[in-house]
Amino acid sequence: MTTAGEHVDVLIVGAGLSGIGAAYHLRQAFPRRSYAILESRGALGGTWDLFRYPGIRSDSDMYTLGYRFRPWLGEKAIADGDTILDYVRDTAVESGIDRHIRYHHRVLAADWSSAENRWTVRAERTDTGETVTLTAGFLLSCAGYYRYDRGYTPDFAGVDRFPGPVVHPQHWPADLDVAGNRVVLIGSGATAVTLGPALTEQGAHVTMLQRSPSYIISAPVRDGLATRARKLLPPKAAYAVARAKNVALATAIYQLSQRYPDGMRKRIRGWQQRWLPAGYDIDTHFTPRYNPWDQRLCLAPNGDFFRAIRRGTLDVVTDTIETFTETGLRLTSGATLDADIIITATGLNLLAFGGMELTVDGTPVTMADRMAYKAMMLSDVPNFVFVIGYTNASWTLKADLVSEYTVRLLRHMDEHGYTRCVPVRDPSVGPAPLFTNFMPGYVVRAAKDFPMQGDRSPWRLRMNYVRDLFTLRHGKLTDGAMRFERARRRDPVPAAD
């Protein structure tokens, strides 16, 4: 069953952190412009509503993960998932954005028509099974790049032999009781580093089994500068100060890691030596094969991960799995790990634009053939913007800038009578994978499903908030690559005989 819906000026896909922020920016700039948000799930919040595993929290400080327009007033700089979800919900409710969300609408496809100057978007009602069609003048994808219905789990040999629960964090059972149990936690990324200490707090003994180490550093739960600034300044000013400081600090650490990787390795090792027990084998368990920030650094708030090791409630084993057994795992080295529960924190699957299929005038858009303009639009795809956040900083920093740039585009089009904006690629621009300097396993697996970047601006992806701040907030809209067009005149309809 298909239901024809209404036309809106702007259609937003996804009611998570990015989608709510985009709606706020649009509403403030164009109060009379119509918009709707299509959300595949039954609640807003995106990642922060989906993931329910113990200890879920931000791995970025909330002074940069929070919206630029809405100060973070919580006490913790590294906040738990429920608090972040409340922050996103409150933003939507207080601004009236929640009334524009269509829940249980999973977008299947979007077709651009140059004759009509609009997108026709087809969505499936996940609660009723019917198909809904809407049209929009502008399409904004805020669906992120994770596949929400299924996490990544390798094909483990013998997994059926293990009688206990095998759980992926993306699908955490609400009734799972770990108290008094031996838990083997497979993985070494941010999820595992979060889960390990949280499960020990629930009474489990945790063994984190990693194929290779990640960089793990301690970060304070509370921001001292932010606390002092709140006593002296109004909330918005205090928030701006903390935000600017944390942007500068994160940028400095990233740049130092890229330019002086050996020096940063030594510094991180020194921090870890102060946290870990004397004589701990840092070389085996905490020294990755890659340089700092070739993958994201993992945060341990107030050193909780290292504290659990010192207490003896969390062990780290660096090895590979030969097979699951009736009692746990047998490793390639011949060692065995006994377990009552096994958790596979083995990563995520990526999915461009929530799986939405794009066509332009009936021609399918193949992602690998397209080039990303300013890491937010696709070559030769009109009136389409997407949000992909930074890999080296808070997601929302980029999401806010993309929303601001979209507002600038729409305002420019209104002022000059344009109906379309489309980036056009210069054939001389050389292609490269979108995430050249950031290649964890989940990115490598999905690289072919994402657009390319170019070898020079404005097609080059720069993971640099300060540079993007000037380019997207203040840079020229007419840069030679962006083409603005007015509606094509239609041929007159012949008179009837």
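Overview of empty space enclosed by the protein
Thought 1: Evaluation of the coordinates by the stated rule reveals four cavities of 30 Å³ or more.
Thought 2: Estimated volume of the largest cavity: approximately 100 Å³.
Thought 3: Counting residues per element, the lining of the largest cavity draws most heavily on helix H7 (residues 235–259), at five residues.

Focus: the pairing of strand E22 (residues 420–423)
Thought 1: Every second residue of E22 is oriented toward a common face, with Arg420 and Val422 on one face and Cys421 and Pro423 on the other, all of them buried.
Thought 2: Inspection of the sheet shows E22 paired to strand E25 (residues 482–485) by four bridges, in the antiparallel sense. When the sheet's bridge partners are listed, Arg420 is paired in E25 with Glu485.

Things to note about the sheet that holds strand E15 (residues 336–338)
Thought 1: Within the open sheet, the three strands sit side by side as E13-E14-E15. Their pairing is antiparallel. In this open sheet, the two strands that pair with only one neighbour each are strand E13 (321–324) and E15. Going from strand to strand, the sheet's axes swing by 20 degrees on average, the running direction of each strand aside.
Thought 2: With three bridges joining them, strand E14 (residues 328–331) and E15 adopt antiparallel strand pairing. Bridging across to E15, Arg330 finds its partner in Thr336.

Structural notes on unusual backbone geometry
Thought 1: Geometrically, the link from Ser457 to Pro458 is a cis peptide bond, its omega value of 0 degrees lying close to zero.
Thought 2: Note on placement: Pro458 falls in the loop between strand E24 (452–454) and helix H13 (465–474).

Thoughts on the environment of Thr313
Thought 1: Along the chain, the position of Thr313 falls in the loop between helix H10 (304–311) and strand E12 (314–318).
Thought 2: For Thr313, a relative accessible area of 24% puts it in the partly exposed group.
Thought 3: Spatially, the C-alpha atoms of Thr313 and Arg456 are 50 Å apart, while their sequence positions differ by 143 residues.
Thought 4: Setting aside its immediate chain neighbours within four residues, Thr313 contacts Thr200, Ala204, His205, Val206 and Ala308.

Let's talk about the packing of aromatic side chains
Thought 1: This structure, assessed with the given rule, holds 23 aromatic pairs.
Thought 2: Among the aromatic residues, those joined into a ring-pair cluster are Tyr24, Tyr67, Phe69, Trp72 and Tyr87.
Thought 3: Geometry around Phe30 places Arg33 over its ring, the cationic atom sitting 4.6 Å from the centre.

Here we look at the sheet that holds strand E7 (residues 166–167)
Thought 1: Within the open sheet, the five strands sit side by side as E7-E16-E8-E9-E12. Their pairing is parallel. The open sheet has two edge strands, E7 and E12, and neither has a second partner.
Thought 2: Pairing analysis gives four bridges linking strand E8 (residues 182–186) to strand E16 (residues 341–344), with the strands arranged parallel. Residue pairing for E16: Val184 is matched across the bridge by Ile342.
Thought 3: Strands in contact with H10 are strand E9 (205–210) and E12; relative to E12, the strand with the most contacts, it is inclined by about 100 degrees.

Criteria and thresholds
- Residues numbered from 1 in each chain as written.
- Predicted model: local features only at pLDDT ≥ 70, side-chain atom pairs only at ≥ 80, totals over all residues.
- Heavy atoms only, no water.
- 1 Å grid on protein atoms, 1.4 Å probe; cavity = no way out; pocket = protein on both sides within 12 Å on 5 of 7 lines; lining within 4 Å.
- Points joined across faces, edges and corners; volume = space filled by probe spheres on them.
- Helix = DSSP H or I, 4+ residues; strand = E, 2+ residues; numbered from the N terminus.
- Buried < 20%, exposed > 50% of the residue type's maximum accessible area, 1.4 Å probe, protein only.
- Pairing = 2+ DSSP bridges.
- Axes fitted to C-alpha atoms, helices over the stretch in contact; angles between N-to-C directions.
- Contact = heavy atoms within 4.5 Å.
- Phe/Tyr/Trp six-rings, centres within 6.5 Å; stacked < 30°, edge-to-face > 60°.
- Lys NZ or Arg CZ within 6 Å of the ring centre and 35° of its normal.

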